[in-house]
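# Topology and contacts: notes
What follows is the residue order along each chain.
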Amino acid sequence: MNNKFFRSIVEWFKKVGISIANGFKAVVRFITHPRKTIRDAKAARAAMINDVFDPIEHNPENILEVNALKEYFPIKSGFFKRTVGYVKAVDGISFNIKKGTTMGLVGESGCGKTTVGRTILRLYPKSGGEVLFNGEDVNKLDKKSLRSVRPKMQIVFQDPYSSLSPRLPVGEIIGEAVREHNIVPLEQFDDYITKIMQSCGLQEYHKDRYPHEFSGGQRQRICIARALALNPEFIVCDEPVSALDVSIQAQIINLLRDLQKEYGLTYLFISHDLSVVEHISDAVGVMYLGSMVEYAPTSELFANPLHPYTEALFSAIPVPDPNYKMNRIILEGNIPSPANPPSGCKFHTRCRKCMEVCKSVVPKRIDMGNDHYVVCHLFDEEALKLNEEMKKDPSLAESADKKVNKNLKDAKLNSTENPFM
């Protein structure tokens with residue numbers, strides 16, 4: 001036991017010594033060639049993120065256009081906090097939302113739905129891609145321009161308990177941003193706040209109360225009123241009913257629909273509840289591990305789900321009939337890490353229809369007609385032909401795997417050699 005302990009101490013000192021030596025070399029390299037070191041760091045970061053996309057042309061019918069959006073969070077390690085990898089929370093998703101409509105976004109916990117909403121609003125700086133709001137790239141706006149756009153893009157957070165300040169009365173919570181952005185003249189301020197509160201099912205005497213004096217449903221109404229008070233055009237609803245009981249959920253959903261008709265609002269509705277999404281959405285996007293695997297109008301998607309992951313999700317929707325036999329599709333295995341996603345199709349490790357081509361080739365976005373898109377090799381004729389070739393010649397699959405592994409190794413090597421990424 002003493003020998004094991006002694007060996008572990010020696011190994012630890014070796015690792016520390018190597019880290020110090022590498023750090024010293026990096027500092028010397030930076031002092032002697034600062035510009036080259038920084039340039040190499042930027043190039044290595046760009047290679048890992050791979051922000052390559054074709055710019056899109058704005059369609060006046062769309063209020064929001066998302067193109068190849070990426071949101072990577074760096075993984076830091078070592079004394080110099082070098083970037084050794086990225087958590088790929090959002091990995092190149094694209095979709096459009098037409099004015100006055102609602103798009104639902106569904107998927108498992110941790111698939112990146114909330115990160116999509118926050119990156120669209122520029123609450124997180126994007127890693128790649130573009131977000132067009134009324135034709136303007138949100139991420140290219142300066143501070144003054146962004147301030148003028150902020151009231152038009154709002155968010156209703158998931159937790160009505162933690163998203164409201166406990167130190168401010170409700171009237172001030174709703175009116176603070178109204179005053180800051182000069183939405184109405186000062187003499188009309190009180191009447192305007194009262195009108196907004198009444199639109200959301202709150203009474204005028206609630207202005208002087210604090211958040212802890214309200215129920216969960218009332219707090220969510222306050223959150224909606226706060227977003228609505230800035231006269232927005234687009235609202236991200238980040239699971240606004242998940243923390244509420246079923247009867248209150250119905251009230252909030254009906255409130256959102258009524259407000260949409262009255263004010264012409266556009267929603268991005270993020271939720272786990274597929275029944276709620278079917279009720280409120282005009283189109284639905286399905287996310288898995290940072291990528292959008294299927295997108296279609298609501299009626300089309302629920303009538304004809306194509307992707308194996310979408311089929312598994314929809315098979316879990318409960319049916320209020322004790323005599324109905326559920327054909328539940330059980331997904332095997334655990335969700336892979338977004339820091340180290342599988343090669344090829346990200347879903348192939350859990351897919352019951354997995355083919356050889358799925359393990360090494362990234363699937364393309366296939367247009368199935370009726371504005372229905374799916375990212376799956378099962379509907380790609382070229383991929384099916386390649387799969388048949390791989391079955392006949394196993395060396396093709398091996399060479400594809402080696403190429404993927406080499407690209408991953410090169411990306412990691414570039415990141416670890418430079419401490420200034």
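Everything below is about the structure printed above this text.
Residues numbered from 1 in each chain as written. Predicted model: local features only at pLDDT ≥ 70, side-chain atom pairs only at ≥ 80, totals over all residues. Heavy atoms only, no water.

### Quick look at the sheet that holds strand S12 (residues 373-375)
One open sheet accounts for 8 strands, arranged S6-S7-S8-S3-S9-S10-S12-S11; its pairing is mixed. One side of each edge strand has no neighbouring strand; the edge strands of this open sheet are strand S6 (153-156) and strand S11 (365-367). The average undirected angle you get between the axes of adjacent strands in this sheet is 20 degrees. Note: S6 against strand S7 (residues 234-238), 4 bridges, orientation parallel. Residue pairing in the sheet places valine 156 in a bridge with cysteine 237 of S7. (Pairing = 2+ DSSP bridges. Helix = DSSP H or I, 4+ residues; strand = E, 2+ residues; numbered from the N terminus. Axes fitted to C-alpha atoms, helices over the stretch in contact; angles between N-to-C directions.)

### Concerning the sheet that holds strand S2 (residues 82-98)
Across the sheet, which stays open at both edges, the 4 strands sit in the order S2-S1-S4-S5 with antiparallel pairing between neighbours. Strand pairing shows two members of the sheet lacking a second neighbour, S2 and strand S5 (136-137), which therefore form its edges. Two elements, strand S1 (residues 62-77) and strand S4 (residues 128-133), share 5 bridges in a ladder whose sense is antiparallel. Counted as the bridge partner of asparagine 67 is glutamate 130 from S4. Here helix H2 (residues 34-49) sits on the sheet in contact with S1 and S2, set at roughly 50 degrees to S2. Running over the sheet, helix H3 (residues 113-120) touches S1, S2 and S4 and is turned about 110 degrees from S1. (Contact = heavy atoms within 4.5 Å.)

### Looking at the side chain of arginine 221
Topologically, arginine 221 is positioned in helix H7 (residues 216-228). When near neighbours in sequence (up to four residues on either side) are disregarded, arginine 221 contacts Cys200, Gly201, Leu202, Gln251, Ile252 and Leu255.

### Structural notes on unusual backbone geometry
Unusually for a residue other than glycine, arginine 122 sits at a positive phi of about 65 degrees. By the element assignment, arginine 122 lies in the loop between H3 and S4. Among the residues examined, arginine 122 registers a relative accessible area of 27% and is labelled partly exposed. Although it is not a glycine, glutamate 239 adopts a positive phi angle of roughly 45 degrees. Relative to the elements of secondary structure, glutamate 239 occurs in the loop between S7 and helix H8 (246-263). (Buried < 20%, exposed > 50% of the residue type's maximum accessible area, 1.4 Å probe, protein only.)

### Let's talk about empty space enclosed by the protein
The final tally for this structure, using the stated rule, is 2 cavities of 30 Å³ or more. The calculated volume of the largest cavity comes to roughly 70 Å³. Along its surface, the largest cavity is lined by His307, Pro308, Cys345, Phe347, Cys351, Lys353, Cys358, Cys376, His377 and Leu378. In the lining of the largest cavity, the residues fall into 7 nonpolar, 2 polar and 1 charged. (1 Å grid on protein atoms, 1.4 Å probe; cavity = no way out; pocket = protein on both sides within 12 Å on 5 of 7 lines; lining within 4 Å. Points joined across faces, edges and corners; volume = space filled by probe spheres on them. Nonpolar A, V, L, I, M, F, W, Y, C, P; charged D, E, K, R; others polar.)

### Details of the environment of histidine 181
Here histidine 181 is to be found in the loop between helix H5 (170-180) and helix H6 (189-199). Between the C-alpha atoms of histidine 181 and lysine 99, which are 82 residues apart in sequence, the distance is 23 Å.

### Considerations on the pairing of strand S9 (residues 283-288)
For S9, the tally of buried residues reaches 6 of 6 residues, placing the bulk of the element in the interior. Pairing analysis gives 4 bridges linking strand S3 (residues 102-106) to S9, with the strands arranged parallel. Bridging from a neighbouring strand, methionine 103 pairs with alanine 283 of S9. Across 6 bridges, the pairing between S9 and strand S10 (residues 291-297) is antiparallel. Bridge pairing in S10 places valine 286 opposite glutamate 294. Between the end of S9 and the start of S10, which pair antiparallel, lie 2 residues, with leucine 289 showing a positive phi angle near 55 degrees.

### Re the packing of H6 against H8
It is the contact of H6 with H8, at a shortest axis distance of 11 Å, that shows an interaxial angle of 130 degrees. It follows from the interaxial angle that H6 and H8 lie oblique. The segment H6 lies against H8, with Lys195, Ile196 and Ser199 engaging Leu255, Leu259 and Tyr263. Across the contact of H6 with H8, the residue classes tally to 4 nonpolar, 1 polar and 1 charged. (Parallel < 35°, antiparallel > 145°, perpendicular 65-115°, else oblique.)

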